[in-house]
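Chain by chain, the residues:
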Amino acid sequence: MTALRVVIADDHPIVREGMAALLNSLPGFEVAGIAADGRAAVREVVTTRPDVAVLDLRMPGLDGIAATKEIARAAPEVAVLVLTMFSDDDSVFAAMRAGARGYLVKGAEQDEIVRAIRAVAAGEAIFGPAVAQQVLNFLTTPPATGEPFPELTRREREILDLLAAGLPNGAIARRLGLAAKTVANNVSAIFAKLQVADRAAAIIRARDAGLGRG
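Scoring rules and cut-offs
Residues numbered from 1 in each chain as written. Predicted model: local features only at pLDDT ≥ 70, side-chain atom pairs only at ≥ 80, totals over all residues. Heavy atoms only, no water. pLDDT = per-residue confidence, 0-100. Helix = DSSP H or I, 4+ residues; strand = E, 2+ residues; numbered from the N terminus. Pairing = 2+ DSSP bridges. Phe/Tyr/Trp six-rings, centres within 6.5 Å; stacked < 30°, edge-to-face > 60°. Lys NZ or Arg CZ within 6 Å of the ring centre and 35° of its normal. Axes fitted to C-alpha atoms, helices over the stretch in contact; angles between N-to-C directions. Parallel < 35°, antiparallel > 145°, perpendicular 65-115°, else oblique. Left-handed = near helix turned anticlockwise from the far one by under 90°. Contact = heavy atoms within 4.5 Å. Nonpolar A, V, L, I, M, F, W, Y, C, P; charged D, E, K, R; others polar.

A. The arrangement of the confidence of the model for the protein chain in detail. In this model, the protein chain carries a mean pLDDT of 91, and residues with pLDDT of at least 70 account for 96%. Here helix α6 (residues 129–140) stands out as the element of the protein chain with the lowest mean pLDDT, 77, in contrast to strand β3 (residues 52–55), whose mean of 98 is the highest.

B. Local environment of the sheet that holds β3. Read across the open sheet, the six strands follow the order β2-β1-β3-β4-β5-β6; overall the sheet is parallel. Of all strands in the sheet, those bounded by a partner on one side alone are β2 (29–35) and β6 (126–127). Judged from the four bridges that link them, β3 and strand β4 (residues 79–84) form a sheet pairing that is parallel. Counted as the bridge partner of Val52 is Ala79 from β4.

C. Spatial organisation of the packing of aromatic side chains. Following the criterion strictly, the structure yields zero aromatic pairs and no others. Over the face of the ring belonging to Phe86 we find Arg58, whose NZ or CZ atom lies 4.0 Å from the ring centre.

D. Structural detail: the packing of helix α3 (residues 64–74) against helix α4 (residues 89–98). The N-to-C vectors of α3 and α4 enclose an angle of 15°; their axes lie 8 Å apart at closest approach. Judged on the interaxial angle alone, α4 and α3 are roughly parallel. Seen along the crossing, α3 lies across α4 with a hand that is right-handed. Where α3 approaches α4, its residues Ile65, Thr68, Lys69 and Ala72 are matched on the opposing element by Ser91, Ala94, Ala95 and Ala98. Looking at the contact of α3 with α4 residue by residue, the class counts come to five nonpolar, two polar and one charged.

Here it is, written out as structure tokens:
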């Protein structure tokens, strides 16, 4: 069986040397190159054309995100596996958008790292347990609409905005050129959709969402 060739990039000598020693001790792996910064990582990948590049995110010169983008452009056949201390959403999704196929947090067991290298080399996407939960949460969260109270119609939002500004129904009707009865009906619909009991509660909800300030 052909050995999986891996480039390792990390600015901490203990990490990159430890990773190299681990892979060199296992059958089926070959360390094709080692780099201490992002620019050197790209150079090693372009020169040696490994199966997998294992990159840290925080490296001098060129960080892991930028290095991943460069590798995706110059050597798209090389799978990038991020191995880093950082598990915040911004880092995870920036790495995936840059082209990484996997993301592990340092502290992962050796078996988990080896399994992840094999997985991304085979074309799979793989995440450590904590990161996988973040990705799942992102994928299952409904997208933001960009407007508060998406359950309301455009007219109802206009009326709620004026309610939050302190206008009574009569003034709202005059402002919008509507009949007082139409405004009253819309106000009732707003209360029902927002599940509030009265005008004061609706105003509080609206002001909390930034309405009534125009």
